[in-house]
Amino acid sequence: MHSFDLGSNPVRNTIMLVADYLEQLTVYNGTVAQPGLSSFHAQSIPTIDIHSYLHRIQKYCPAPNECYIAILVYMHRLMRHNQNNRYEESYAVDPYSVHRLVITGIMASAKYFSDVFFTNSRYAKVGGIPVAELNHLEVHLLIALDFQLAIPIAELQYYGDMLVRDTLPYSPPLWQGLEIGCSDYP
């Protein structure tokens, strides 16, 4: 059985795994009815595909593996909040929101996990959105996550292993199973 090596896996390989997953997730979510629009929804679908977008982010704002895995954890936490009806706003990872969720998640996770991160204006320029909008999205993400950016190393490993095995689920009801595998996580 394959295992993800968080410390030594080349970041470009992690980006490919994350991009493949997000691409499949957005296709899946693009075919099912979404609960409504969130702050992360763009008016139109960005023309850059998610693979190119992640590579662009890594080229101009390099980040370690933890940051790319963290965006998946953050997205799943938002989806679990949808299920708990915790927030008035519903979150969906679809073609309209994935790019904004990614750039905001990378920026927030880099600030949390890495000693080296860039300014919001740089992330905004690389992500193709105005800095004021990215600032708003960052605050919105932090509030939606209850400022809980910490992810235990075992949970990062769990997500990495699921990516390598291609077993990370796409539909929200299956995400509850993640809590079974990681019962100590919020």
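What counts, and where the lines are drawn
Residues numbered from 1 in each chain as written. Predicted model: local features only at pLDDT ≥ 70, side-chain atom pairs only at ≥ 80, totals over all residues. Heavy atoms only, no water. Helix = DSSP H or I, 4+ residues; strand = E, 2+ residues; numbered from the N terminus. Polar contact = N/O pair within 3.5 Å; in protein donor to acceptor, adjacent residues only side chain to side chain. Axes fitted to C-alpha atoms, helices over the stretch in contact; angles between N-to-C directions. Left-handed = near helix turned anticlockwise from the far one by under 90°. Contact = heavy atoms within 4.5 Å. Nonpolar A, V, L, I, M, F, W, Y, C, P; charged D, E, K, R; others polar. Buried < 20%, exposed > 50% of the residue type's maximum accessible area, 1.4 Å probe, protein only. Arc of directions from axis to C-beta. Patch = residues over 30% accessible without salt bridge, like charges linked within 9 Å, V, L, I, M, F, W, Y side chains within 5 Å. Areas by Shrake-Rupley, 256 points an atom, 1.4 Å probe, with all protein chains shown as cover. Salt bridge = Lys/Arg side-chain N within 4 Å of Asp/Glu carboxyl O. Lys, Arg positive; Asp, Glu negative; His and termini not counted. Charge placed at Lys NZ, Arg CZ, Asp CG, Glu CD.

Per an unreviewed UniProt entry, the recorded name for the chain is Cyclin-like protein interacting with PHO85, and the organism is Entomophthora muscae.

(A) Expanded view of the side chain of Thr26. Along the chain, Thr26 turns up in helix α1 (residues 11–30). From its side chain, Thr26 meets the backbone oxygen of Glu23 in a polar contact 2.9 Å long.

(B) The arrangement of the packing of helix α2 (residues 50–60) against helix α5 (residues 120–127) in detail. For the pair α2 and α5, interaxial distance at closest approach is 9 Å and the crossing angle is 145 degrees. The handedness of the crossing between α2 and α5 is right-handed. Contacts from Tyr53, Arg56, Ile57 and Tyr60 in α2 reach Arg122, Lys125, Val126 and Gly127 in α5. Looking at the contact of α2 with α5, its residues break down into four nonpolar, one polar and three charged.

(C) A look at α2. Those residues of α2 that fall on the buried side of the exposure criterion are Ile50, His51, Tyr53, Leu54, Ile57 and Gln58. Seen along its axis, α2 keeps its buried residues to an arc of 170 degrees; they face one direction. Structurally, the start of α2 carries an N-cap: the backbone nitrogen of His51 is 3.0 Å from a side-chain oxygen of Asp49.

(D) Inspection of a positive patch on the surface at higher detail. The grouping of Arg56, Lys59, Arg122 and Lys125 at the surface amounts to a positive patch. Listed by contribution, the elements that provide at least two residues to the positive patch are α2 and α5. Note on placement: Arg56 falls in helix α2.

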